[in-house]
Every structure is written in C-alpha cells, then in structure tokens.
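Summary of structural features
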Amino acid sequence: MSKHHKDWIHHAPGTNSNRLERIEAYFAGNAYAMHRHDTYAIGTTLSGVQSFAYRGSERHSLPGGTIVLHPDEAHDGQAGTGDGFHYRMMYVEPALIQQILGGQPLPFVKEGISANPRLHAATLALLQRMDSPMDALEEQDALFDLAHAMHAISGKLAGDSAGSQRFDYLAAERAREYIHTAITDNFTHNITLEELAEHSGRDRWSLSRDFRLLFGTSPYRYLTMRRLDLVKSLLMRGDSLVNAALAAGFTDQSHMTKHFSKTFGLTPLHWLKMHGTNVKR
C-alpha cells in the first residue's frame, strides 16, 4: 500500500456472542497513543511493519506472526516503515476465555507477539470473512481453539503467584454479572466494592484480587469500560458528546473524554472521524 493511503478502520459485522469485536484497519503513520483496554487484543499484521511499545520494549509485528496484548497492559501503535501497516484484530472479553477454561488464571503471552503456529491458525479462523458474520457454531469452535492455544503457550505475569493462591471464580463471576445488571438498570448508579462483595459472597479485598486475576482488570475499570461501550454506541447513533457522557454515568464531557482517550488511544472526535462519522458538539 502507498504511504499516501488514508487511514481507515472497518468493523466486521456483529458476532453471535456480541462480546467479540473484529476490525480491519490501515494506518500510514502514528495510529494510537499509549492506552489500555480491558479486553485481549489479538490479531495479525497483513502487510508492512506494525510497531508498538509494550511492557517496556518496542515490538515489531510482521506478517505471519500473532499479536496477543493482555488486558489492561498499556501499548501504542504506529507504522514501522514509511509504507504504513495493514492488519486485522479482534478484541476478546476475558470472560469468554474464562467460560471456556473454567476459571483459570488468564493466559499471558509475555512478549506480546508469538510465532506459535497453533495460535496463529486459531487466530486466523476468527479473522476471516470480515464483511460477514461467522456462523454461531463456527465462532464458538474457533473461540475454544483460541482459548486453549493461548493457555498452552502462556506464562505467568511478573510477580504472579496465582498457582499457589486460592481464588473463587464463581464469586468473581457473580460480581461481574451484578455490574452488568446494575448498569443496565441505571448507568449513573455508583457501584461500591462493598456492594459487589455483598452480592458475590466474597470479602471485598479477596474479590478485588480475584477479579483482576480472572478478568484482567479491576472492578472499577471494568465498570468504566462498560460505560465507554455505551458512549461509543450513542456517538455512532448521532448523540452529542455531552449527552453521551452524561447518559453513560460520567460527570461531564471532559471526564468522559479523559477516560476515552486513555482507553482507546484516540479522542472521541478522532475515533468518529476514523469511522467516517460526524458528531454533534
């Protein structure tokens, strides 16, 4: 592709689970500022060099490898050469991986890039036919293969002693489900850790630790991400920045923009521009 090619992002049609986002994109230069999100980012570079800072080092993804960014790990993104880079990526909720593995510590690929052929094949199976949705059973089979491929090659996060710890997956899952129920009823409701502990049957600090271990992020960050999901939906529908921020439970537009930029590496206005959408101020 020419270095003069315009940046673009294409979202694949919604998946059967509605918890798996798939994109194809091209960037000529700088793509994303440093940011972090509460999903896995798993994908492959189709052409060019996809460079990104990750866990203290600069990584360079080439065609044929697999990118696996762990939830809540800061990273950026830019072209490694003047020709830009073309890639496909999916964003997978840790809860989907947990449902397949049955409450294991989240798989972790230390370097953020893997040459493992089993992982690459499982990734490609989920990044095909970007212009149409996958069949339900096809998607579920591919997610099963992906989760087990990641588990087979994963290591532990630095300082993680989960192997010697006791954790309660069911309690953490009850807390996660309660967050979804509470924000569906009222996005502006301020959920407390004590509230989550009461509904999960786990003491608050053990619950907080288990939630991070099993879902890759803190309860507060998980709640914030669900609010940002609503912001994106409202903006794509044509709502103003102010209305989207307030409807999602943020104190004001500035508060929402700060979280949006830290999470996605783009301001809301830039994000909408990439999708060819204008926004009301």
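Before going into details, it helps to say that this report is about the structure given with it. Quantities reported herein were computed from a predicted structural model and do not represent experimental measurements. (Residues numbered from 1 in each chain as written. Predicted model: local features only at pLDDT ≥ 70, side-chain atom pairs only at ≥ 80, totals over all residues. Heavy atoms only, no water.)

Right, let's get into the overall build of the chain. From N to C terminus, the chain includes 10 helices and 10 strands. Relative to the 2.2 N^0.38 estimate, which gives 19 Å for 281 residues, the radius of gyration of the chain is 19 Å and therefore close to what a compact globule would have. By its C-alpha atoms, the chain is 55 × 45 × 40 Å across when sized along the principal axes. Expressed as a percentage of its 281 residues, the buried residues of the chain come to 51%. A separation of at least 24 residues holds for 72% of the contacts in the chain among residues at least 6 apart in sequence. Working note: accessible area of the chain is about 13000 Å², and carbon and sulfur atoms make up 52% of it. Computed over 29 positive and 30 negative side-chain charges, the separation of the two mean positions in the chain equals 4 Å. (Helix = DSSP H or I, 4+ residues; strand = E, 2+ residues; numbered from the N terminus. Rg over C-alpha atoms; globule rule 2.2 N^0.38 Å. Buried < 20%, exposed > 50% of the residue type's maximum accessible area, 1.4 Å probe, protein only. Contact = heavy atoms within 4.5 Å. Areas by Shrake-Rupley, 256 points an atom, 1.4 Å probe, with all protein chains shown as cover. Lys, Arg positive; Asp, Glu negative; His and termini not counted. Charge placed at Lys NZ, Arg CZ, Asp CG, Glu CD.)

Using the criterion set out here, one finds nine aromatic pairs in the structure. Measuring from centroid to centroid gives 6.3 Å for phenylalanine 52 and tyrosine 54, while their planes differ by 70°, and the two rings are edge-to-face. In terms of burial, phenylalanine 52 and tyrosine 54 fall into one category: buried. With a centroid separation of 5.1 Å and 65° between ring planes, the pair formed by phenylalanine 211 and phenylalanine 215 is classed as edge-to-face. Residue phenylalanine 211 and its partner phenylalanine 215 are located together in helix α6 (residues 204-215), separated by four residues, close to a single helical turn. Its relative accessible area of 0% is what places phenylalanine 211 among the buried residues. For phenylalanine 215, a relative accessible area of 2% puts it in the buried group. Among the aromatic residues, those joined into a ring-pair cluster are Phe27, Tyr32, Phe85 and Tyr87. Seen from the ring of phenylalanine 215, arginine 176 lies directly overhead, with NZ or CZ sitting 5.6 Å from the centre. Above the ring of tyrosine 222, the side-chain terminus of arginine 226 is found at 4.5 Å from the ring centroid. (Phe/Tyr/Trp six-rings, centres within 6.5 Å; stacked < 30°, edge-to-face > 60°. Lys NZ or Arg CZ within 6 Å of the ring centre and 35° of its normal.)

This part takes up the side chain of aspartate 72. With respect to the helices and strands, aspartate 72 occurs in the loop between β7 (66-69) and β8 (75-79). Taking relative accessible area as the criterion, aspartate 72 reaches 18% and is therefore assigned buried. Dropping the residues within four chain positions of it, aspartate 72 is found in contact with Arg36, His37, Asp38, Gly216, Thr217, Ser218 and Arg221.

On to the layout of surface pockets, then. Space inside the largest pocket adds up to approximately 1000 Å³. His11, Glu21, Tyr91, Asp229 and Lys232 are the residues nearest the centre of the largest pocket, which is lined by 46 residues in total. With seven residues, the top contributor of residues to the lining of the largest pocket is helix α7 (residues 219-237). A class-by-class count of the residues in the lining of the largest pocket yields 23 nonpolar, 14 polar and nine charged. (1 Å grid on protein atoms, 1.4 Å probe; cavity = no way out; pocket = protein on both sides within 12 Å on 5 of 7 lines; lining within 4 Å. Points joined across faces, edges and corners; volume = space filled by probe spheres on them. Nonpolar A, V, L, I, M, F, W, Y, C, P; charged D, E, K, R; others polar.)

Nonpolar side chains in soluble globular proteins generally cluster together in the buried interior. Membership of the largest hydrophobic core comes to 34 residues, with the highest contact counts inside it found for Phe27, Tyr87 and Val231. Here the element with the most residues in this core is α7; it accounts for five residues. Apart from residues no more than four positions distant in its own chain, valine 231 is found in contact with Ala244, Ala248, Phe250, Met256 and Phe260. If you look at the next biggest cluster of nonpolar residues, it comprises 24 residues, including Leu106, Leu127, Met134 and Leu146. (Core = buried A, V, L, I, M, F, W, Y, C linked by side-chain atoms within 4.5 Å.)

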